[in-house]
Amino acid sequence: MSRNEFSCDCNIIHKDVVEHVRKSLPQEDIFYHLADLFKLIGDTTRCKILFALDQKEMCVCDLANVLNMTKSSVSHQLATLRRSGVVKCRKSGKEVYYTLDDDHIVKLFEIGLEHINHKN
């Protein structure tokens, strides 16, 4: 397979396609937010937390035990995920329970996991 096999070797511009895509491009800040979201969930520890929370609502103590981490480390990661709107929490007495924020986050995580499992 040559290095340039997947390179376009022509100078034809498909103006209708280019114009269609240009008109549908979101504002620049949308791309920044999207990139930030993928960077946020692109951390192995946070992926493990998301996996656990995709299974069940959990408190920090339970997450720490599942992931074999300190409560402090888990809390730090959860705070980052919460500030970014990836997880949400509810308080019950002295305990705080975490879940994935909404169906969009659930789908994003599950589709990503399905994609990886399908490739292996």
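In the block above lies the structure referred to throughout.
So, here is what we can say about the structure in this document. The shown structure was predicted, so the numbers you read here are calculated from the model rather than taken from an experiment. (Residues numbered from 1 in each chain as written. Predicted model: local features only at pLDDT ≥ 70, side-chain atom pairs only at ≥ 80, totals over all residues. Heavy atoms only, no water.)

This part is about the sheet that holds strand β3 (residues 95–100). Reading across the sheet, the three strands line up as β1-β3-β2 and stay open at both edges, with antiparallel pairing between neighbours. For this open sheet the edge positions go to β1 (58–59) and β2 (87–92), each flanked by a neighbour on one side alone. Here helix α5 (residues 71–83) sits on the sheet in contact with β2 and β3, set at roughly 115° to β2. (Pairing = 2+ DSSP bridges. Helix = DSSP H or I, 4+ residues; strand = E, 2+ residues; numbered from the N terminus. Contact = heavy atoms within 4.5 Å. Axes fitted to C-alpha atoms, helices over the stretch in contact; angles between N-to-C directions.)

A separate point is the pattern of salt bridges. A complete count under the given rule lists two salt bridges for this structure. As a salt-bridge pair, arginine 90 and glutamate 57 come within 2.9 Å of each other at their nearest N and O atoms. Of the two residues, arginine 90 is situated in strand β2 and glutamate 57 in the loop between α3 (44–55) and β1; the sequence distance between them amounts to 33 residues. What makes arginine 90 partly exposed here is its relative accessible area of 39%. Judged by relative accessible area, glutamate 57 falls into the partly exposed class, the value being 36%. (Salt bridge = Lys/Arg side-chain N within 4 Å of Asp/Glu carboxyl O. Buried < 20%, exposed > 50% of the residue type's maximum accessible area, 1.4 Å probe, protein only.)

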